[in-house]
Amino acid sequence: MKICTSLPRSLANGAKPEAAMATVTLGGLALRAHRTPVQEPLPDHYFQATDEETQAAIATARAALGSRVVILGHHYQRDEIIRWADYTGDSYKLAQHAAARPDAEFIVFCGVHFMAESADILSADHQKVILPNMTAGCSMADMADIYQVRDCWEQLTAVVSEPILPITYMNSAANLKAFVGERGGAVCTSSNAAAALRWAFERAPKVLFFPDQHLGRNTGWKMGIPLEEMVLWDPDQLLGGCTSEQLQRARLILWKGHCSVHNRFTLAQVQEARARYPDIRILVHPECTLDVVQAADEVGSTEQIIRAIESSPPGTKWAVGTEINLVNRLAQRHPEQLIFCLDPVVCPCSTMYRIHPAYLRWVLENLLEGRVVNQIVVPAEIRHWARVALDRMLAIR
Ligand code: 13P
Ligand code: SF4
């Protein structure tokens with residue numbers, strides 16, 4: 001499949017994307033106010049340049065900046081960005097890299113907003129973290145905000161008699177990471193969710209897991225928690241749409257959030273792939289729904305998906321349930337294996353895709369001229385507890 005790499009003018013001008021949500025609770029009613037992330041418009045010549053000119057300009061700026069800058073690239077970034085990354089990785093590995101390069105003055109994070117926030121929290125005080133396009137967010141992360149989570153916590157602690165520990169997925173805003181840190185909880189990623197849940201259950205009989213219900217449910221199910229002991233918390237309903245008895249009985253309370261990319265994979269697609277290639281291996285990300293995960297041969301984070309393929313012999317056949325930029329790259333790098341996307345109507349992560357090479361060029365050229373644009377700064381009052389939650393994540397084995 002060919003993905004269009006031209007820069008839509010609407011994005012170049014900083015128009016639009018999905019609005020982030022702020023919720024105000026008034027007498028039990030959740031009122032949502034939308035606020036749109038702001039991206040300064042790029043000068044015209046950035047989107048008039050050809051792909052070759054853009055790549056050449058990135059090369060020049062990158063070389064001139066030398067070791068002052070480190071570029072991190074998430075696996076869902078397009079090839080034209082990945083080629084410039086000093087380090088690639090899943091969310092966990094990139095968080096480790098952000099903490100491990102104090103020599104670099106600037107960390108240019110080619111990923112999405114919550115990843116850049118975490119890098120800012122984990123990096124040294126003198127370092128500046130830059131997100132090339134401020135509108136590169138995550139629709140799943142936007143499904144839980146601090147007002148909703150506080151409201152949920154108040155309701156839960158009022159009706160549940162046992163202690164609860166909150167765990168937030170890395171795909172969440174920094175203030176939610178601070179929320180869990182302050183209450184004894186931790187952050188987890190898709191590569192250490194089982195260890196994080198085990199860690200949490202050693203400390204409390206109940207866990208509130210947000211914002212991805214699927215990662216929470218899949219991990220709980222793999223750990224042997226019966227589905228009857230998991231409930232879904234809908235932030236738009238009183239008591240999350242549960243009865244107080246259900247909440248008393250539940251061990252795992254799952255926030256009603258999901259990833260729109262991974263929700264596209266279905267059991268029917270797994271069955272079709274198996275019918276077409278009887279020896280196919282189904283390899284999916286844990287943000288997929290439980291039926292897909294149960295039908296898969298292997299489940300793992302983006303880094304674990306890459307490792308599974310890299311360690312397989314020639315001739316192995318894979319149907320992969322994750323974002324298309326990564327699947328296409330794996331197929332190109334491993335022509336000795338058959339690798340295709342489980343979903344025939346592939347859907348890229350539209351927010352990851354907002355890191356167009358023109359934005360990378362723009363931030364690097366600004367740095368060369370002594371201007372720091374698109375710096376991600378987590379406010380001091382959030383930093384401390386968010387760091388505590390992230391440090392717990394990095395320490396959990
Ligand atoms: P990984 O941590 O597996 O890279 O996942 C991040 C993500 O956003 C998946 O949708
Ligand atoms: Fe968020 Fe899904 Fe995109 Fe990952 S793939 S960044 S969870 S929207």
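Preceding this paragraph is the structure being described.
Only a predicted model underlies this, so the values are computations on that prediction, with no experimental measurement involved.

> Break down helix α6 (residues 113-122) for me, with residues and values.
Among the 10 residues of α6, 10 are classified as buried, and the element is accordingly described as predominantly covered. Of the positions making up α6, those classed as buried are His113, Phe114, Met115, Ala116, Glu117, Ser118, Ala119, Asp120, Ile121 and Leu122. The secondary structure elements touched by the buried residues of α6 are β3 (69-74), α5 (91-99), β5 (106-110), β6 (128-130), α8 (174-182) and α17 (380-395).

> Requested: an account of the site of ligand 2, with residues and values cited.
Inspection of the region around ligand 2 gives 13 residues, with Cys138, Met140, Cys259, Val261 and Cys349 positioned closest. Considered class by class, the residues forming the shell around ligand 2 number 7 nonpolar, 4 polar and 2 charged.

> I'd like a description of the pairing of strand β12 (residues 281-284), backed by residues and values.
Of the two faces of β12, the one holding Arg281 and Leu283 and the one holding Ile282 and Val284 are both buried throughout. With 4 bridges connecting them, β12 and strand β14 (residues 317-321) associate as parallel partners. Looking at the pairing, Val284 lines up with Gly321 of β14. Here β12 pairs with strand β13 (residues 298-299) via 2 bridges, running parallel. Of the residues in β13, the one forming a bridge with Val284 is Val299.

> Tell me about the sheet that holds β14, residues and numbers included.
The strand order β13-β12-β14-β15 describes an open sheet built from 4 strands, whose pairing is parallel. On the outer flanks of this sheet lie β13 and β15 (338-341), each paired with one strand and no other. With 4 bridges joining them, β14 and β15 adopt parallel strand pairing. Bridge assignment links Ala319 to a residue of β15, and that residue is Phe340.

> So what's going on with the site of ligand 1? Which residues, and what values?
Surrounding ligand 1, one finds His75, Asp90, Ser91, Tyr92, Asn171, Thr189, Ser190, Cys259, Glu287, Ser301 and Thr302. Looking at the shell around ligand 1, its residues break down into 2 nonpolar, 7 polar and 2 charged.

> Could you give an account of the pairing of strand β7 (residues 164-169), with specific residues and numbers?
Extensive coverage of β7 is indicated by the burial of 6 of its 6 residues. Side chains Ile164, Pro166 and Thr168 project from β7 onto one buried face, and the interleaved Leu165, Ile167 and Tyr169 project onto a second face that is buried too. In this structure, β7 lies alongside strand β9 (residues 206-210), joined through 5 bridges in parallel fashion. Opposite Leu165, over in β9, you have Val207 as the bridge partner. In terms of strand pairing, β7 meets strand β8 (residues 186-188) through 3 bridges, oriented parallel. Residue pairing for β8: Thr168 is matched across the bridge by Val187. Traced from β7 through α8 to β8, the parallel crossover comes out right-handed.

Conventions we followed
Residues numbered from 1 in each chain as written. Chains lettered and ligands numbered in written order. Predicted model: local features only at pLDDT ≥ 70, side-chain atom pairs only at ≥ 80, totals over all residues. Buried ≥ 20, exposed ≤ 12 C-beta atoms within 10 Å, placed from the backbone. Helix = DSSP H or I, 4+ residues; strand = E, 2+ residues; numbered from the N terminus. Contact = placed C-beta atoms within 7 Å. Near = placed C-beta within 6 Å. Nonpolar A, V, L, I, M, F, W, Y, C, P; charged D, E, K, R; others polar. Pairing = 2+ DSSP bridges. Right-handed = clockwise from strand over helix to strand, strands pointing away.

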